[in-house]
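Descriptive analysis of the structure
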Amino acid sequence: AFGSEEQKSRFLPRMAGGELIGCFGLTEADGGSDPASMKTKAEAVANGYKLNGAKYWITNSPISDLAGGWAQPG
């Protein structure tokens, strides 16, 4: 549902084939894994987004090739 067509064709087949490992950050200290209580913000800037917040317990993060994160509009 998200990402450009170029990103999807570049990364998804390699992830599905086990060539790339991904992770995502959702859990926060005060809200656990409840997105409704998330405090991390994503602010649009000139070349993308600026993220402000902290995530915890991101499985595979030490070995990941790609990372995604959840954030509220800032």
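Preceding this section is the structure that the text describes.
Just so it is clear, the model here is predicted, and its values are computed rather than measured. (Residues numbered from 1 in each chain as written. Predicted model: local features only at pLDDT ≥ 70, side-chain atom pairs only at ≥ 80, totals over all residues. Heavy atoms only, no water.)

A short note on the pattern of salt bridges
Formally: What makes a salt bridge here is a side-chain nitrogen of Lys or Arg within 4 Å of a carboxyl oxygen of Asp or Glu, nothing more. Each residue's exposure class comes from its accessible area (1.4 Å probe, protein chains only) as a fraction of the maximum for that residue type: buried when under 20%, exposed when over 50%, partly exposed otherwise.
If you walk through the whole model with that rule in mind, you get four salt bridges. The closest approach of N and O atoms between Glu-19 and Arg-14, which form a salt bridge, is 3.3 Å. Where Asp-30 meets Lys-39, a salt bridge forms, and the shortest distance between an N and an O atom there is 3.2 Å. Like Lys-39, Asp-30 is exposed.

Section: the environment of Ala-16
This is how it is decided: Counting from the N terminus, the helices are DSSP H or I runs at least four residues long and the strands are E runs at least two residues long.
Examined against the element boundaries, Ala-16 turns out to sit in helix 1 (residues 5-16). Residue Ala-16 is classed as exposed on the basis of its relative accessible area of 71%. For the pair Ala-16 and Thr-40, spaced 24 residues apart in the sequence, the C-alpha separation amounts to 29 Å.

Section: the pairing of strand 2 (residues 41-45)
Consecutive residues of a regular strand have side chains that alternate between opposite faces of the sheet. The criterion, for reference: Strands pair, by our definition, only if DSSP identifies at least two bridges between them.
Alignment of strand 2 against strand 3 (residues 48-52), held across five bridges, turns out to be antiparallel. Looking at strand 3, one finds that Lys-41 is bridged to Asn-52. Following strand 2, the chain reverses through two residues before pairing antiparallel with strand 3. With two bridges joining them, strand 2 and strand 5 (residues 72-73) adopt parallel strand pairing. Bridging across to strand 5, Lys-41 finds its partner in Gln-72.

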